[in-house]
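Residue-level listing of the chains:
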Amino acid sequence: MAFGIFIHRSDSIYDDIPSERYQFPKQYLSRAQQCEGDWIVYLEPSKVKETKGYFAVAKVQEIIPDPRKPDMFLAVIEPGTYLDFGDPVSFRDENSIIERGLLNDQGKISGRAQAAVRTLSAEDFARIVERGLGRDEDILPRVGDTMQMPGFQDAQTPFQQMPARERVNQLTNRAVRDRNFRKNVLRAYGERCAITGLRLINGGGRAEVEAAHIRPVEHDGPDIVSNGLALSGTAHWMFDRGLVGLADDLTIQVSRQSNDIEAVTSMINSSGKILVPDRLANRPRTEFVTWHRENCFKQ
């Protein structure tokens, strides 16, 4: 097993859903097989406008032939492992490139950088994940919120000295995943409640909005922005309890079981639909919206 890099772009010609599968041609099969059962980092190439750089991690469950397309293969992502970085990592920093394994003996970038699938050293993996998970607290809940992050204030193990395999333990830690999910959802929605349209900032400079899963984690909902909504505390509470839901066209529905339908309706922004992120890939996916409507929303 080995860590790896999978290059992906949102306008890819390949049949990729990064949180579920990665499609690649036969020429990369042997490299991808080395990553089977281990973690990979997704990289958006620098030639993409406003590239995110190294933007996510996931664990490869298995490599299989693509049943729909001859001579193509799929890296199947283990459910529940995909995680967007709260702080995407640039390909370069002020001193050098982040992925040091791409440098040749002369300190120049080698041809390996062009490979869409490649192995990644443990040192480079740890460096990328360290920067991707970040330490900034400016987008976390205000002091006194119920969502605490035990372990992130633990100064006994310096962040920069953590080996790669210990980094892997972080990637499955619920507190770490919630923290990164919240950062990405709030960033995508501009820290604005998708239902009310309000963007409220408290006295400490933090957004008074929360990140809600559309399909909850306990029901196999992934930690991806397209399974998330930025909601105020009240809207989040109503959404989780099925008092509000979404039609497939993202029109906001109010449950007839609400004890004050008029009051709930008055909270909804004037469009009658949720306010969505600019980036299409970040907008709620229909399968998650349908799951919530069929399993949570009280008709």
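As the structure is a prediction and not an experimental result, all values here were calculated from the model.

What follows is about the pairing of strand β3 (residues 39–43). Counting buried residues along β3, five of its five residues qualify, which places the element largely inside the surrounding structure. Burial along β3 is two-sided: W39, V41 and L43 facing one way and I40 and Y42 facing the other are all buried. Inspection of the sheet shows β3 paired to strand β4 (residues 54–65) by five bridges, in the antiparallel sense. From the neighbouring strand, Y42 faces β4, where its bridge partner is A56.

Across the chain, pLDDT averages 88, with 90% of residues at or above 70. Averaged pLDDT values for the elements of the chain fall to 84 in helix α3 (residues 164–171) and rise to 98 in strand β5 (residues 72–77). Under a pLDDT of 50 for its full length, residues 138–160 has, in the predicted model, 32 contacts with residues more than four places off or in other chains.

Core analysis: the largest hydrophobic core is formed by 78 residues, its most contacted members being Y42, Y54 and F125. Per-element tally for this core: the top contributor is β4, with seven residues. Apart from residues no more than four positions distant in its own chain, Y42 is found in contact with F6, H8, P18, R21, Y22, G53, Y54, F55, A56, A58, I77 and Y82.

Turning next to the packing of aromatic side chains. For the structure shown, the criterion picks out nine aromatic pairs. Ring geometry for Y42 versus Y82: centroids 6.0 Å apart, planes at 55°, classification tilted. Of this pair, Y42 sits in strand β3 while Y82 is found in the loop between β5 and β6 (83–89), placing the two residues 40 residues apart along the sequence. The same class applies to Y42 as to Y82, namely buried. Centre to centre, the rings of Y54 and F91 are 6.3 Å apart; their planes meet at 20°, and the pair counts as stacked. Taken as a pair, Y54 in strand β4 and F91 in the loop between β6 and β7 (117–120) lie far apart in primary sequence, 37 residues in all. The exposure class assigned to Y54 is buried, which follows from its relative accessible area of 0%. Site record: aromatic cluster; members linked through ring pairs are F6, Y22, F24, Y42, F55, F73 and Y82.

Below, the discussion takes up the environment of Q299. Looking at the element boundaries, Q299 is found in the segment after α7 (286–295). Residue class for Q299 comes out exposed when judged on its relative accessible area of 52%. As for Q299 and L243, which are separated by 56 residues in sequence, their C-alpha atoms are 8.6 Å apart. With residues up to four places along the chain from it excluded, the contact list for Q299 reads S255, R256, Q257 and R293.

What follows is about the side chain of R293. Relative to the assigned elements, R293 resides in helix α7. In contact with R293, other than residues within four places in its own chain, are L246, A247, D248, Q253 and Q299.

Let's shift gears to helix α5 (residues 233–240). Looking only at α5, the buried set comprises A235, H236, M238 and F239. Buried residues along α5 cover an arc of 165° about the axis, so they all sit on one side. Packing partners of the buried residues in α5 comprise β8 (210–213), β9 (228–231), β10 (244–246), α6 (261–267) and α7. The positive-phi residue at the C-terminal boundary of α5 is G242, with phi of around 75°.

Our next topic: α3. What α3 keeps buried is the set A164, R167, V168, Q170 and L171. Angularly, the buried residues of α3 cover 155° about the axis, an arc narrow enough to put them on a single face. On its buried face, α3 sits against β1 (3–7), β3, β4, β6, α2 (122–133) and α4 (174–188).

The subject of this paragraph is the pattern of salt bridges. Within the structure shown, the criterion is met by 18 salt bridges. The closest approach of N and O atoms between D15 and R21, which form a salt bridge, is 2.9 Å. Here D15 falls in the partly exposed class, since its relative accessible area comes to 26%. Assessed through its relative accessible area of 18%, R21 is described here as buried. Measuring nitrogen to oxygen at the nearest pair gives 3.0 Å for the salt bridge that ties D178 to R174. Of this pair, D178 and R174 are both found in helix α4, four residues apart, which corresponds to roughly one turn of the helix. Assessed through its relative accessible area of 32%, R174 is described here as partly exposed. Each of D15, R21, D66 and R68 takes part in salt bridges that share partners, so that together they form one network.

Reading the values: rules and limits
- Residues numbered from 1 in each chain as written.
- Predicted model: local features only at pLDDT ≥ 70, side-chain atom pairs only at ≥ 80, totals over all residues.
- Heavy atoms only, no water.
- Buried < 20%, exposed > 50% of the residue type's maximum accessible area, 1.4 Å probe, protein only.
- Helix = DSSP H or I, 4+ residues; strand = E, 2+ residues; numbered from the N terminus.
- Pairing = 2+ DSSP bridges.
- pLDDT = per-residue confidence, 0-100.
- Contact = heavy atoms within 4.5 Å.
- Core = buried A, V, L, I, M, F, W, Y, C linked by side-chain atoms within 4.5 Å.
- Phe/Tyr/Trp six-rings, centres within 6.5 Å; stacked < 30°, edge-to-face > 60°.
- Arc of directions from axis to C-beta.
- Salt bridge = Lys/Arg side-chain N within 4 Å of Asp/Glu carboxyl O.

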